[in-house]
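Reading the structure
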Amino acid sequence: MNIVKYTKEYAKLAKEFSCGNAVIDKFLHDGSALDVNRGITYVMLSDESDCIIGYYNIENGRVDRIDTIGDNDVFELMGGAININYLAVKNSLQGMLIVQDGDNKIYLGDLLLRDCEKRILDLREQTGISFVTVCSTDEGYHLYHVRNGYEDFEEDMSTVVQESDLRCHKLYKCVDDIVGA
Amino acid sequence: MSEEKKEGEIIMNACAIKPTLPFVTRKNIERTPASAENKKRVDFMDSHNFSFSIDKETGSLHCKVEKK
């Protein structure tokens, strides 16, 4: 499997990538994916490196706990996190069954996410990370929540923060719960 | 389009998008150990090599899966 750090040499291939979500596509198309201040991007390439099959971008983050003391909201760090900023599979390849092992079906999204999680386990050896956080689109929710154990962050998030109109699910997983941790 | 493929396309979109606001919570965060199904799937992925090539004419994906 050919998953490498995204660099300028793949920019031409990036123009041909689309996952069906304009925001996620734009991140790859407009050069943002090359900006280290916006995380590090990894692309899954075909063996001949002539097509971007999928990509993900990860960045350091944190999870905070908020307590209300009197009239004040107090933020306390719960732990360091790696946020999966973006993860997507090429539109034409979504939903393609790669292999079936008994009842287990494996798709490209599974492979991308597993590579991402293994990278996070490596990073934990170098820096303190307690959580993986991800904001999943409605369509991605099944992969993260049902298949890979990511939990909804908080049901009543709307009382704490306001999100855009895009329907998304804030999810987390403890790094200790990644298989192989 | 078969129902299975249609369902797969809906549920395996895999998209994640960066939120505009931070991850904050008023609750304690609980651990959720991996399910048996999840472990089995991960074990399979870790024990096999996957290779992909794209047919330039049709755009279709050819994949090869081999045990390590």
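Use the structure listed above.
Here is a short report on the structure shown in this document.

We now examine the overall build of chain A. Within chain A, the regular secondary structure consists of 4 helices and 9 strands. Helices and strands in chain A line up, N terminus first, as β-α-α-β-β-β-β-β-α-β-α-β-β. A globule of 181 residues ought to have a C-alpha radius of gyration of about 16 Å, and chain A, at 17 Å, matches this closely. Classification of the 181 residues of chain A by burial places 52% in the buried group. Considering only residue pairs separated by 6 or more positions, chain A has 62% of its internal contacts joining residues 24 or more positions apart. For chain A, the exposed area adds up to about 8,200 Å²; of that, 44% sits on carbon and sulfur atoms. Here chain A contributes 18 positively and 32 negatively charged side chains, and the mean placements of these two sets differ by 6 Å.

Turning to unusual backbone geometry, a few remarks are in order. Even without glycine at this site, Ser49(A) takes up a positive phi of about 55°. With relative accessibility at 31%, the residue Ser49(A) sits in the partly exposed group.

Another aspect to go through is the pattern of salt bridges. A full pass over the atoms with the stated rule returns 13 salt bridges over all chains. The residue Arg31(B) makes a salt bridge to Asp177(A) at a minimum N-O spacing of 2.7 Å. Residue Arg31(B) is located in the loop between β1 (23–25) and α2 (36–46), and its partner Asp177(A) is located in the segment after β9 (168–174); the two belong to separate chains. Each of Arg114(A), Lys118(A) and Asp46(B) takes part in salt bridges that share partners, so that together they form one network.

Before going further, it helps to spend a moment on the pairing of strand β4 (residues 72–89) of chain A. Residues and elements named next belong to chain A. With 16 bridges joining them, strand β3 (residues 52–69) and β4 adopt antiparallel strand pairing. Residue Asn 60 lies in a different strand from β4, and its bridge partner there is Ile 82. Taken together, β3 and the strand that follows it, β4, pair antiparallel across an intervening segment of 2 residues, in which Gly 70 is found at a positive phi of about 65°. Relative to strand β7 (residues 131–137), β4 runs parallel, the two being bridged by 4 bridges. What sits directly across from Asn 83, in β7, is Thr 133.

Of note, Ser51(B) is situated in strand β2 (residues 48–54). Relative accessible area serves as the criterion here: at 18%, Ser51(B) is assigned to the buried category. Each C-alpha atom of the pair Ser51(B) and Lys64(B) lies 5.2 Å from the other, and the pair is 13 residues apart in sequence. Ignoring sequence-local partners within four residues, the contact set of Ser51(B) consists of Asp47(A), His62(B), Cys63(B) and Lys64(B).

All right, on to the interface of chain B and chain A then. Opposite the 46 residues of chain B that make contact, chain A presents 81 residues. Both sides together, the interface formed by chain B and chain A hides about 5,900 Å², and carbon and sulfur atoms give 59% of it. Across the pair Lys118(A) and Asp46(B) runs a salt bridge, and its minimum N-O distance is 3.7 Å. On the surface where chain B and chain A come into contact, there are 25 residue pairs in polar contact (both at pLDDT 80 or more). Contributing elements (two or more residues each) for the side of chain B that touches chain A: α1 (3–11), β1, α2, β2 and β3 (61–67) of chain B. Class assignment of the residues belonging to the side of chain B that touches chain A gives a composition of 24 nonpolar, 9 polar and 13 charged. Two strands pair when backbone bridges link them, and β3(A) and β1(B) are joined in this way by 3 bridges, in the parallel orientation. Within β1(B), the residue paired with Val63(A) across the bridge is Phe23(B).

On to the pairing of β2(B). Here β2(B) lies mainly inside the structure; 5 of its 7 residues are buried. Between β2(B) and β3(B), which pair antiparallel one after the other, the connecting turn spans 6 residues, and Gly59(B) there sits at a positive phi close to 75°.

Cut-off values and rules
What you see as residue numbers is a count from 1 along each chain, following the sequence as written. Lettering for chains starts from A, numbering for ligands starts from 1, and both go in the order in which the items are written. Restriction of local features to residues with pLDDT of at least 70 applies here, the model being predicted, together with a cutoff of 80 or more for giving and counting side-chain atom pairs; totals for whole chains, interfaces and linings are based on all residues. Each side-chain value is worked out from all heavy atoms of the structure, with water and hydrogens disregarded. Strands here mean DSSP runs of E at least two residues long; helices mean DSSP runs of H or I at least four residues long; both are numbered from the N terminus. Here the globule rule reads 2.2 Å times residues to the power 0.38, and the radius of gyration is calculated from C-alpha atoms. In this scheme, a residue with accessible area under 20% of its type's maximum is buried, one over 50% is exposed, and one in between is partly exposed, where area comes from a 1.4 Å probe on protein chains only. Throughout, a residue-residue contact means that at least one pair of heavy atoms, one from each residue, lies within 4.5 Å. Here the accessible surface of atoms and residues is derived via Shrake-Rupley with a 1.4 Å probe, and residues count as covered only by protein chains that are part of the display. None of His or the chain ends enter the tally, which takes Lys and Arg as positive and Asp and Glu as negative. Here the site of a charge means NZ on Lys, CZ on Arg, CG on Asp, or CD on Glu. Criterion for a salt bridge: a side-chain nitrogen of Lys or Arg within 4 Å of a carboxyl oxygen of Asp or Glu. At least two DSSP bridges between two strands are needed for those strands to be called paired. What gets called buried area is simply the loss in accessible area from a 1.4 Å probe that two parts show on being joined, summed for both. Any N or O atom pair separated by 3.5 Å or less is treated as a polar contact, with the protein-specific requirement of one donor-capable and one acceptor-capable atom, and with residues adjacent in sequence counted only for side-chain atom pairs. Following the grouping adopted for this structure description, the nonpolar residues are Ala, Val, Leu, Ile, Met, Phe, Trp, Tyr, Cys and Pro, the charged ones are Asp, Glu, Lys and Arg, and the polar ones are all others, Gly among them.

Remember, this is a structural readout, not a statement about activity or role.
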